[in-house]
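Inside the fold
For reference, the chains in residue letters:
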Amino acid sequence: MVELIDQLEERHYAKLAYDDNLSSQHLDAYIASLDRNRMLFTAADIAEFEKYRTVMDDQLPGGNLEAGFAIFNRYHKRLEDRINGIVETLPEMIAAMDFTLDETYSLDVDQRSWATGQAELDDRWRKQVKNEVLRLKMAEKPEDEIAPTLQNRYRNQLKRIMQYNNQDVFQIYANALTELYDPHTNYLSPRRSENFNINMSLSLEGIGAVLQLEEEFTKVARLVPKGPADKQGELQPSDRIVAVGQGDSGDMEDVIGWRLDEVVDLIRGPKGSTVRLEVIPAKAKSTDQHKVITIVRNKVKLEEQSAQKKVLEIPDGDDTIRVG
């Protein structure tokens, strides 16, 4: 953290000192980055966080992250409790909704004040859920599918927040500060820094498979043309990866329920090394049908992500307009 502060103060063109004034702005920006819609913190929470307003600039250079983690832990607990409560009671909530009532729900979050207490937050969430139900009704979603759709949506949101680790929290906390210098100055965690470098160089060492999460599984979205997995020929789009093993005989590590970036870390590796994937094939008739695929990693060119250029010649009467 000391190096981050030094880099910002000494090398950034904005020439801002991380003092009490910037500490105050940092606190406001951090709270906003967590609870932008003012649906979780109350006015009492915000008053409690005031003790950090002019001390964060003293804490951070010494590596003290008390403020960042204390505020995040409160946010995390409030969100977990709220979503669990909604998921458990959603069918009853929907059944009790009266769409003949004359009431409003403001989408302009900048006009919201911090809630005075839990009762006011409860009402905000009730109206938000009611608004989501109304949107699904207007989209002609069948009545019996509305509650399961919203429950799944909220469960996915909770799953993402439950997978946050210390690096994720620090990145949010640090970026709330760096973006005060300018909107394009960001702190990248080691994992995100690696991904940024891959995107800039358009190459990596791995198997050449684009992955995505589908419920508890890591699913193959597509294969990079001419990549190791594509050339090997066994791994297919929509295959679900359930375990990953290193080398020809390393133990298979179960990855069901893992974060996507953690699964990717296991699969990537140096050119010439071997990785084994245990998958549920896309065409499997049940989740009990597994297959182990061995792939030798190689350099993968991400050519489809590279910048492209083209000149169009467009007829314009007797002339031709050339457009880049």
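Above this text sits the structure in question.
Right, let's walk through the structure included here. Remember, predicted model here, so these are calculated numbers, not experimental data. Here, residues in each chain are numbered from 1, in the same order as that chain's written sequence. Two thresholds apply to this predicted model, a pLDDT of at least 70 for residue-level local features and 80 or more for giving and counting side-chain atom pairs, whereas whole-chain, interface and lining totals are computed over all residues. Side-chain metrics rest on all non-hydrogen atoms present in the structure, leaving aside hydrogens and water.

**Some details on the overall build of the protein**
Test applied: Secondary structure elements follow DSSP: runs of H or I of four or more residues count as helices, runs of E of two or more count as strands, with numbering from the N terminus. Here the radius of gyration uses the C-alpha set of atoms, whereas the globule reference equals 2.2 Å times the residue count to the power 0.38. Per-residue accessibility, obtained with a 1.4 Å probe over protein chains only, is compared with the maximum for each type, and a residue is labelled buried under 20%, exposed over 50%, and partly exposed between these values. The contact definition used throughout considers only heavy atoms, calling two residues in contact when any of these lie within 4.5 Å. The charge count includes Lys and Arg as positive and Asp and Glu as negative, but it does not include His or the ends of the chains. Where a charge sits is defined by one atom per residue type, namely NZ (Lys), CZ (Arg), CG (Asp) or CD (Glu).
Within the protein, the secondary structure is distributed over eleven helices and ten strands. A compact globule built from 324 residues should have a C-alpha radius of gyration of about 20 Å, whereas the protein, at 25 Å, is more than 25% larger. Expressed as lengths along the three principal axes of its C-alpha atoms, the size of the protein is roughly 70 × 60 × 60 Å. Counting all 324 residues of the protein, 38% fall into the buried class. Contacts spanning at least 24 positions in sequence make up 64% of the contacts within the protein whose residues lie at least 6 apart. One way to put it: in the protein the 42 positive side-chain charges average out to a point 5 Å from where the 57 negative ones average out.

**Regarding the packing of aromatic side chains**
Where we set the bar: Only Phe, Tyr and Trp rings are paired, with Trp represented by its six-membered ring, and only when their centres lie within 6.5 Å; those with planes under 30 degrees apart are stacked, over 60 edge-to-face, the remainder tilted. Look at NZ for Lys and CZ for Arg. If either is within 6 Å of the ring centre and within 35 degrees of the ring normal, a charge sits over the ring.
This model, assessed by the stated rule, comprises six aromatic pairs. Centre to centre, the rings of Phe170 and Tyr187 are 5.0 Å apart; their planes meet at 85 degrees, and the pair counts as edge-to-face. Placement of the pair is Phe170 in helix α8 (residues 166-181) and Tyr187 in the loop between α8 and α9 (190-201), with a sequence separation of 17 residues. Taking the relative accessible area as the measure of exposure, Tyr187 reaches 22% and is therefore partly exposed. Here the aromatic residues Phe41, Phe49 and Trp114 are joined through ring pairs into a cluster of three or more. The ring of Phe99 has Lys130 sitting right over it, with the charged end atom 5.3 Å from the ring centre.

**Considerations on the pattern of salt bridges**
Threshold: We define a salt bridge as a contact between a side-chain nitrogen of Lys or Arg and a carboxyl oxygen of Asp or Glu at a distance within 4 Å.
For the coordinates displayed, the defined rule picks out 24 salt bridges. Glu143 serves as the salt-bridge partner of Lys137, at 2.6 Å between the closest nitrogen and oxygen. Among the residues examined, Glu143 registers a relative accessible area of 54% and is labelled exposed. It is possible to trace a salt-bridge network through shared partners that takes in Glu103, Asp123, Arg126, Lys127 and Lys130.

**Here's the deal with the side chain of Arg124**
Along the polypeptide, Arg124 turns up in helix α6 (residues 118-138). Owing to a relative accessible area of 11%, Arg124 belongs among the buried residues under this scheme.

**Description of a nonpolar patch on the surface**
The line we're drawing: Like-charged residues are merged into a patch within 9 Å and nonpolar side chains (Val, Leu, Ile, Met, Phe, Trp, Tyr) within 5 Å, provided each residue has over 30% relative accessible area and no salt bridge. For every accessible area listed, the method is Shrake-Rupley and the probe measures 1.4 Å; residues are considered covered only by the protein chains on display.
There is a patch of nonpolar side chains on the surface, built from Leu312, Ile314, Ile321 and Val323 and spanning about 300 Å² of accessible area. Contributing elements (two or more residues each) for the nonpolar patch: β9 (312-316) and β10 (319-323). The topology assignment puts Ile314 in strand β9. The class for Ile314 is partly exposed, based on a relative accessible area of 39%.

**Focus: helix α1 (residues 2-11)**
Formally: Directions pointing from the helix axis toward each C-beta atom define the arc.
Within α1, burial applies to Leu4, Ile5 and Leu8. One side of α1 holds all its buried residues, which, seen down the axis, span an arc of 95 degrees. Opposite the packed face of α1, turned more than 90 degrees from it, sit the exposed residues Glu3, Glu10 and Arg11. In this fold, the buried residues of α1 make contact with α8.

**With respect to the side chain of Asp182**
To keep things clear, this is the line we draw: N or O atoms within 3.5 Å of each other form a polar contact, as long as, within protein, one can give a hydrogen and the other can take it, and as long as residues adjacent in sequence are counted only when both atoms are side-chain atoms.
Counting through the fold element by element, Asp182 comes out in the loop between α8 and α9. At a separation of 2.7 Å, a polar atom in the side chain of Asp182 contacts the main-chain amide nitrogen of His184. At 2.3 Å, the side chain of Asp182 forms a polar contact with the side chain of Thr185. Setting aside anything within four residues of it in sequence, one finds Asp182 in contact with His12 and Tyr13.

**Notes on the nonpolar core**
For clarity, the threshold we go by: Put simply, a nonpolar core is a bunch of buried Ala, Val, Leu, Ile, Met, Phe, Trp, Tyr and Cys residues held in one set by side-chain atoms that sit within 4.5 Å of each other.
One finds Tyr18, Tyr30, Phe41, Ile71 and Tyr75 to be the most contacted residues of the largest nonpolar core, which totals 46 residues. Only α1, α2 (20-34), α3 (43-49), α5 (66-95), α6, α7 (143-162) and α8 provide two or more residues apiece to this core. It is α5 that contributes the most residues to this core, ten residues altogether. Setting aside residues no more than four positions away along its own chain, Tyr30 makes contact with Ala67, Gly68, Ile71, Phe72, Val169, Ile172, Tyr173 and Ala176.

**Observations concerning the packing of α5 against α8**
The line we're drawing: Here an angle of 0 to 180 degrees is reported between the N-to-C directions of two axes, which are lines fitted to C-alpha atoms, with helices fitted over the stretch in contact. Small angles under 35 degrees read as roughly parallel and large ones over 145 as roughly antiparallel, with 65 to 115 read as roughly perpendicular and the rest as oblique. Residues are grouped as follows: nonpolar covers Ala, Val, Leu, Ile, Met, Phe, Trp, Tyr, Cys and Pro; charged covers Asp, Glu, Lys and Arg; every other residue, Gly included, is treated as polar.
With their axes 10 Å apart at the nearest point, α5 and α8 run at an angle of 110 degrees to one another. It follows that α5 is roughly perpendicular to α8 by the angle criterion. Counted together, Ala67, Gly68, Phe69 and Phe72 of α5 and Asn166, Val169 and Tyr173 of α8 form the full contact between these two elements. Of the residues that constitute the contact of α5 with α8, the class distribution is five nonpolar, two polar and no charged.

**A short note on unusual backbone geometry**
Its identity as a non-glycine residue notwithstanding, Lys15 has a phi of 55 degrees, on the positive side. Take Lys15: it is sitting in the loop between α1 and α2. Judged by relative accessible area, which is 56%, Lys15 ranks as exposed.

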